[in-house]
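Residue strings, one per chain:
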Amino acid sequence: MEQNTQITPEQINELYQKIVQQIKDNKIDDALNNAKFLVQLLPQNADLLNCLGRIYHFKGKIPESIDVLTKAVKYDSKNLLAYYNLGLSYVLNKDLENAKKTYAKYIELSPENNNSKYIVNLYLSKLHFDLLDIEETQFYYRESRHPLFEQLSKLVIPRIYNSNEEMDKYRQIFDNTLDHLIENYKKYQIKEYNEFIQ
């Protein structure tokens, strides 16, 4: 769509619906360009800023997402989706303190009968786990020299991923390791406590 400051509300809505469809069709670059265009026209529209922030999530541009979503909640301090997505940005950025503050505001603003508002606690729990030094944990499992823990080191994986490809990679490692442990359970069986501590 050409830059035209005379765009009508109907055209804005039409372009917004097009962005939603582009996201569904995984045409994220097109959606990003169109969302940026709309935000240039209406820079204080919290819903458009929220949409742009979410698209930045899909692109893995978390600092940009935080910037845009911070503006969204500034312009509309009761925008639940913007708080939800800003909290998610902080989770993806592994910023536990800001994620907690943002999700506390999200929960506060959510209607009493909305039990799903507590789902954000799952994101926070995953972030707590993810802040553990996973590589160090894996290292010490491997260094135990116990065959079971050497295998278990492969199961200590992040719970927050930067991309679908990274998630698929860890899922495959996880599945392969579990299959291996199940097929060879006798090899890894701990028969006595003394065997375990030797």
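Residues numbered from 1 in each chain as written. Predicted model: local features only at pLDDT ≥ 70, side-chain atom pairs only at ≥ 80, totals over all residues. Heavy atoms only, no water.

Visitor: Describe the overall build of the protein, naming the residues involved and giving the relevant values.
Guide: When its secondary structure is counted, the protein shows twelve helices and zero strands. The order of α-helices and β-strands along the protein, N terminus first, is α-α-α-α-α-α-α-α-α-α-α-α. Of all 198 residues assigned to the protein, the portion counted as buried reaches 35%. Sequence-distant contacts, at least 24 apart, represent 47% of the contacts inside the protein between residues at least 6 apart. (Helix = DSSP H or I, 4+ residues; strand = E, 2+ residues; numbered from the N terminus. Buried < 20%, exposed > 50% of the residue type's maximum accessible area, 1.4 Å probe, protein only. Contact = heavy atoms within 4.5 Å.)

Visitor: Could you give me a rundown of the pattern of salt bridges, with the residues and numbers involved?
Guide: Under the defined criterion, the tally for this structure stands at four salt bridges. Here Lys71 ties to Asp67 by a salt bridge, and the two come within 3.6 Å at their closest N and O atoms. A residue pair is termed a helical-turn pair when its members lie 3 or 4 positions apart in one helix, as Lys71 and Asp67 do in helix H4 (residues 62-75) at four residues. The class for Lys71 is partly exposed, based on a relative accessible area of 37%. On the basis of relative accessible area, Asp67 is assigned to the partly exposed category, the value being 43%. (Salt bridge = Lys/Arg side-chain N within 4 Å of Asp/Glu carboxyl O.)

Visitor: I'd like a description of the layout of surface pockets, backed by residues and values.
Guide: The space that makes up the second largest pocket amounts to roughly 220 Å³. Contributions of two or more residues to the lining of the second largest pocket are made by helix H1 (9-24), helix H3 (46-59) and helix H5 (80-92). The greatest single-element share of the lining of the second largest pocket, amounting to five residues, is contributed by H3. Broken down by class, the residue content of the lining of the second largest pocket amounts to seven nonpolar, two polar and two charged. (1 Å grid on protein atoms, 1.4 Å probe; cavity = no way out; pocket = protein on both sides within 12 Å on 5 of 7 lines; lining within 4 Å. Points joined across faces, edges and corners; volume = space filled by probe spheres on them. Nonpolar A, V, L, I, M, F, W, Y, C, P; charged D, E, K, R; others polar.)

Visitor: Please set out the packing of aromatic side chains residue by residue, giving values where relevant.
Guide: As enumerated under the stated definition, the model contains three aromatic pairs in all. The interplanar angle of 70° and the centroid separation of 6.4 Å between the aromatic rings of Tyr103 and Tyr106 together place this pair among those described as edge-to-face. With Tyr103 and Tyr106 both in helix H6 (residues 96-109) and three residues apart, the pair spans about one turn of that helix. A relative accessible area of 1% places Tyr103 in the buried class. An aromatic cluster is defined as three or more aromatic residues linked by ring pairs; in this entry it consists of Tyr84, Tyr103 and Tyr106. The side chain of Lys169 reaches across the aromatic face of Tyr170, ending 4.8 Å from its centre. (Phe/Tyr/Trp six-rings, centres within 6.5 Å; stacked < 30°, edge-to-face > 60°. Lys NZ or Arg CZ within 6 Å of the ring centre and 35° of its normal.)

Visitor: Just give me the short version of the packing of H1 against H3, but keep the residues and values in it.
Guide: Contact pair H1 / H3: the axes reach a minimum separation of 12 Å and the direction vectors enclose 20°. By the criterion of interaxial angle, the relationship of H1 to H3 is roughly parallel. H1 and H3 meet at a crossing whose hand is left-handed. The residues of H3 that touch H1, namely those facing Tyr16, Ile19 and Ile23, are Leu48, Cys51, Ile55 and Phe58. Grouping the constituent residues of the contact of H1 with H3 by class yields seven nonpolar, no polar and no charged. (Axes fitted to C-alpha atoms, helices over the stretch in contact; angles between N-to-C directions. Parallel < 35°, antiparallel > 145°, perpendicular 65-115°, else oblique. Left-handed = near helix turned anticlockwise from the far one by under 90°.)

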